[in-house]
Amino acid sequence: MSRNRELFKKIFALALPVMFQTLMVNLLNMTDTVMMGMLSENAISGVSVANKIFSIYTVVIFGITNGTGIFLGQYSASSEKEKTSDIFSFGIQLCVGVAVIALLIFLLFRDVIVRIYLTDLEVIRLSGIYLSILTVSTIPFALTNSYMVLYRIMDRAKVPSIV
């Protein structure tokens, strides 16, 4: 029974910071929407659609970083430090590569992407502007998530939450 209790403590210690980090990302998106709501309905719609598009990118980055984290966990447990370093380096490169592709897509094809969701030209314009603003965070978002996973593997999941 006490073994299960220790396991639950470890799981909770890892899950709580991850839940907090996810909550912070979602609160940021919600705050943007609320602030835009003070401007106009078109602004709310534009921000909302841009956040939907950006959330596709976030899911891809979460998938890459957590997939990398699985391999990191396996190799770090076996004390193969060189492989751990190689895997982390590969994960960073893959995340930055995806971030650059997303950045280019968001900048070059933002109106095309937004038109999938919208027909109103003013809302398309506003959504495109906000998506351009979000574009600035693609690479930092990828790097941050890569390091969050690394800290989780190192049993230091609280560090990214504090930062």
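This one's a predicted model, so the numbers in the text were calculated from it and none came from an experiment.

S.K.: Requested: an account of the packing of aromatic side chains, with residues and values cited.
M.R.: Evaluated as defined, the whole model comprises seven aromatic pairs. On the basis of an interplanar angle of 65° and a centroid distance of 6.1 Å, the ring pair of Phe-54 and Phe-141 is categorised as edge-to-face. Residue Phe-54 is found in helix α2 (residues 41-77), and its partner Phe-141 is found in helix α6 (residues 138-153); the two are separated by 87 residues along the sequence. By relative accessible area, Phe-54 is classed as buried at 8%. Overall, the relative accessible area of 14% leaves Phe-141 in the buried class.

S.K.: Please set out the packing of α2 against helix α3 (residues 81-108) residue by residue, giving values where relevant.
M.R.: One way to put it is that α2 packs onto α3 with a least axis distance of 9 Å and a crossing angle of 175°. As summarised for this structure, α2 and α3 are arranged roughly antiparallel, according to the angle between their axes. Between α2 and α3, the contacting residues are Ile-53, Phe-54, Tyr-57, Val-60, Ile-61, Ile-64, Thr-65, Thr-68, Phe-71, Leu-72, Tyr-75 and Ser-76 on the first element and Lys-81, Lys-83, Thr-84, Ile-87, Phe-88, Gly-91, Leu-94, Cys-95, Val-98, Ala-99, Ala-102 and Phe-106 on the second.

S.K.: Requested: an account of the environment of Ile-153, with residues and values cited.
M.R.: Tracing the backbone through its elements, the reader meets Ile-153 in helix α6. Since its relative accessible area comes to 28%, Ile-153 is described here as partly exposed. For the pair Ile-153 and Gly-73, spaced 80 residues apart in the sequence, the C-alpha separation amounts to 5.8 Å. Excluding residues that lie within four positions of it along the chain, Ile-153 makes contacts with Gly-69, Leu-72, Gly-73 and Ser-76.

S.K.: Outline the nonpolar core, supporting the account with residue identities and numerical values.
M.R.: In this structure, Ile-53, Tyr-57, Phe-106, Val-114 and Leu-131 are the most contacted members of the largest nonpolar core, which totals 22 residues. Of all the secondary structure elements, the ones that give two or more residues to this core are α2, α3, α4 (110-117), α5 (121-135) and α6. Residue contributions to this core peak at eight residues, all from α2.

Each value, and the rule that gives it
Residues numbered from 1 in each chain as written. Predicted model: local features only at pLDDT ≥ 70, side-chain atom pairs only at ≥ 80, totals over all residues. Heavy atoms only, no water. Phe/Tyr/Trp six-rings, centres within 6.5 Å; stacked < 30°, edge-to-face > 60°. Helix = DSSP H or I, 4+ residues; strand = E, 2+ residues; numbered from the N terminus. Buried < 20%, exposed > 50% of the residue type's maximum accessible area, 1.4 Å probe, protein only. Axes fitted to C-alpha atoms, helices over the stretch in contact; angles between N-to-C directions. Parallel < 35°, antiparallel > 145°, perpendicular 65-115°, else oblique. Contact = heavy atoms within 4.5 Å. Core = buried A, V, L, I, M, F, W, Y, C linked by side-chain atoms within 4.5 Å.

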